[in-house]
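Summary of structural features
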Amino acid sequence: MSNKALGILISGRGSNMEAIIKASQANQINATVAVVISDKRDAKGIKIAKELGITTFVLDIKDFSTKQEYEDDICRILKGCSVDLVCLAGYMKIVGQTILESFKNRVINIHPSLLPAFRGLNAQKQALDYGVKFAGCSVHYVNDVLDGGPLILQDIVEVSGDDTEETLSQKILAKEHLIYPQAIQIVLESLSVK
Ligand code: GRF
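Residues numbered from 1 in each chain as written. Predicted model: local features only at pLDDT ≥ 70, side-chain atom pairs only at ≥ 80, totals over all residues. Heavy atoms only, no water.

With respect to the overall build of the chain
Broken down by element type, the chain carries six helices and seven strands. Listed by position from the N terminus, the elements making up the chain come as β-α-β-α-β-α-β-α-β-α-β-β-α. What you see for the chain is a C-alpha radius of gyration of 16 Å, in line with the 16 Å of a compact globule of 194 residues. Principal axes of the C-alpha set define a box for the chain whose edges measure 50 × 40 × 35 Å. Split into buried and exposed, the 194 residues of the chain put 49% on the buried side. For the chain, the share of sequence-separated contacts (at least 6 apart) that also reach a separation of at least 24 residues comes to 65%. Across the chain, the centroid of the 21 positively charged side chains sits 2 Å from that of the 23 negatively charged ones. (Helix = DSSP H or I, 4+ residues; strand = E, 2+ residues; numbered from the N terminus. Rg over C-alpha atoms; globule rule 2.2 N^0.38 Å. Buried < 20%, exposed > 50% of the residue type's maximum accessible area, 1.4 Å probe, protein only. Contact = heavy atoms within 4.5 Å. Lys, Arg positive; Asp, Glu negative; His and termini not counted. Charge placed at Lys NZ, Arg CZ, Asp CG, Glu CD.)

Some remarks on the pairing of strand S6 (residues 134–141)
Within S6, seven of the eight residues are buried, which leaves it mostly tucked inside the rest of the structure. Where strand S5 (residues 107–111) and S6 come together, four bridges link them in antiparallel fashion. Bridging from a neighbouring strand, Asn109 pairs with His140 of S6. Where S6 and strand S7 (residues 151–158) come together, seven bridges link them in antiparallel fashion. Residue pairing in the sheet places Ala135 in a bridge with Val157 of S7. (Pairing = 2+ DSSP bridges.)

Quick word on the pairing of strand S1 (residues 4–10)
Along S1, seven of the seven residues are buried, which leaves the element largely enclosed by surrounding structure. The two faces of S1 match: Lys4, Leu6, Ile8 and Ile10 on one face and Ala5, Gly7 and Leu9 on the other face are all buried. Sheet analysis places S1 next to strand S2 (residues 31–38), joined by seven bridges and oriented parallel. Bridge pairing links Ile10 to Ser38 in S2.

Let's talk about the pattern of salt bridges
Under the defined criterion, the tally for this structure stands at 10 salt bridges. Among the salt bridges present, the one from Lys47 reaches Glu51, with a minimum N-O distance of 3.2 Å. Of this pair, Lys47 and Glu51 both sit in helix H2 (residues 44–51), four residues apart, which is roughly one turn of that helix. As far as burial versus exposure is concerned, Lys47 and Glu51 are alike and both exposed. Across the pair Lys125 and Asp129 runs a salt bridge, and its minimum N-O distance is 2.8 Å. Here Asp129 and Lys125 lie together in helix H5 (residues 123–130), a separation of four residues that amounts to about one turn. (Salt bridge = Lys/Arg side-chain N within 4 Å of Asp/Glu carboxyl O.)

Take a look at the structure:
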C-alpha cells in the first residue's frame, strides 16, 4: 500500500494528534501527517506539531465572513497538501458540508464514549452520571449527524467505583491513543482497495 497523506484538525491539547504523528513517524501506519490545522491560535497541539516537524496552520473563523469561506480555506490547504484522509482530533467545531463534500467518506473523528451512547460534550461525565460499568472510545466516519457516522473501531475500559471524570478521562485517553492510529490504518487500507 502506498503512503497516504493525513490532515489533522485540532482545537486544543493535541494528544491524539501527537499519537498519530508518532505512529506515522515510527512507520506503524502507511501514512504521513501532511498538515495540522487548528481553529485556535493558542492550541497546545500546534506547538507539539511544530516540534515534531509538521506543517501547521491556524485559521480563526472570526477572520472569515462565513463558515463556508472558512471551510473553503481549510479545503484549499488540505487539497494543497494532497491530503487523502482528514482526521479530527479534538476539533471543537461542527464540520460543515463544504468539508464533508470535498472529502466524501474521508473525514473521521474520535469520541470518548462507546457510541451511540453519550454523544456530544462531556461524554465521560455523561457515562459516570449514568452509572455505566464499562466506558470507552470510538473512531467513526463523520457525517451530518453529530457523533453519528458509521463506526470504524472501538475499545473499552472498566469503570471503577472511585473513578472521577478526571481518572476516567485519562483511562479512556490512553485507549484513544492506541485505537486512533489503528483505525486510520483500517480506513487507508479500505481506500487503497477501492
Ligand atoms: C479527546 O478526548 C477526543 O476523544 C475528543 O476530544 C479530546 C481531544 O483530546 N474528541 P486531545 O486534544 O487529542 O488531547
